[in-house]
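# Remarks on the overall topology
Chain by chain, the residues:
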Amino acid sequence: GAPAWEGTSVSQRLFVSELIFYIIIGGTLTFLAWAARNTVLKAVKAEVERMLTVQQQTQLVMNAKLSAQGNLVAGISHEMNTRLGVVKNNGDNLNRGLEKIRKSLNQMVQTGTYDPQIERVLDLLATSSDSSIEATSRLEETVKELRSFARLDESEYQQVDLRQELDNVLAYLS
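Next up on the list: the overall build of the protein. Broken down by element type, the protein carries three helices and zero strands. The N-to-C order of helical and strand elements in the protein reads α-α-α. Expressed as a percentage of its 174 residues, the buried residues of the protein come to 10%. Considering only intrachain contacts with a sequence separation of at least 6, the fraction spanning at least 24 residues in the protein is 69%. A total of about 14,100 Å² of accessible surface is found on the protein, and carbon and sulfur atoms cover 61% of it.

Mapping Leu 84 onto the fold places it in helix 1 (residues 10-111). Discounting residues that sit within four places of it in the chain, Leu 84 has contacts with Thr 136, Leu 139, Glu 140 and Val 143.

Scanning the model with the defined rule gives five salt bridges in all. The salt bridge partner of Glu 47 is Arg 50, with a shortest N-O separation of 2.7 Å. Within this pair, Glu 47 and its partner Arg 50 are both found in helix 1, separated by three residues, close to a single helical turn. In this structure Arg 50 comes out as partly exposed when scored by relative accessible area, which is 46%. Between Arg 138 and Glu 134 there is a salt bridge; the shortest N-O distance is 3.2 Å. Here Arg 138 pairs with Glu 134, and both are found in helix 2 (residues 117-150), just four residues apart, close to one helical turn. What makes Arg 138 exposed here is its relative accessible area of 59%.

Turning next to the side chain of Thr 136. When you line up the elements, Thr 136 lands in helix 2. If we ignore the near neighbours within four places in the chain, the residues touching Thr 136 are Leu 84, Val 87 and Lys 88.

Attention shifts here to the side chain of Ser 129. Inspection of the secondary structure assignment puts Ser 129 in helix 2. For Ser 129, a relative accessible area of 1% translates into the label buried. Other than its neighbours up to four places away in sequence, Ser 129 contacts Gly 91, Leu 94 and Asn 95.

The rules behind each value
- Residues numbered from 1 in each chain as written.
- Predicted model: local features only at pLDDT ≥ 70, side-chain atom pairs only at ≥ 80, totals over all residues.
- Heavy atoms only, no water.
- Helix = DSSP H or I, 4+ residues; strand = E, 2+ residues; numbered from the N terminus.
- Buried < 20%, exposed > 50% of the residue type's maximum accessible area, 1.4 Å probe, protein only.
- Contact = heavy atoms within 4.5 Å.
- Areas by Shrake-Rupley, 256 points an atom, 1.4 Å probe, with all protein chains shown as cover.
- Salt bridge = Lys/Arg side-chain N within 4 Å of Asp/Glu carboxyl O.

This is how it looks when you write it as C-alpha cells:
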C-alpha cells in the first residue's frame, strides 16, 4: 500500500502534526496537573491525619489525667469518710457516756457524795464532744463535695448545673 500521507498537502500534514502535538502536550499537561493535584491532596490528607492523631493523643492524655484525678479524689474521700465514721461514733459514745455519768452524779448529789469539780470536767468533755461532732459534720460536707467532684455515683455523661458546680468548687477552695 501507499503511504497515508500521499495525496495530502504540506499544510494538511502540518495541521495534523500540530493537532497530534497539541493532543500529546494537552494530555501530558492534564496528567501533570492531575498528578500535582493528587500530590497536594495526599499531603493535605497526611497533615490532617497527623493533626487528628496529635489531637487524639492530647485528648487521651487529658482523659487519663482526669481519670487519675477522679480516682485520687475518690480515694481521699473514702479514707476521710472512714475516719469520720470512727470519730463520729466516738463522739456519740462519749455523749451517751456523759449522760450516764450525769445520771450517776444526780444520784450522788441526792446521797451527798457529790464533788462539784466533776461537773466542770463533764462540761469540758461535753464541749469537746460537741466540737468534734461539728468538725465531723464539716468534714462530711467536704467529702460530699469531693464525691460530687469525682462523680462517683453517677453515669459517665450527664447534664450538670454549672452554677452549682462553680459553687461547689468555690466552697471547696474556701
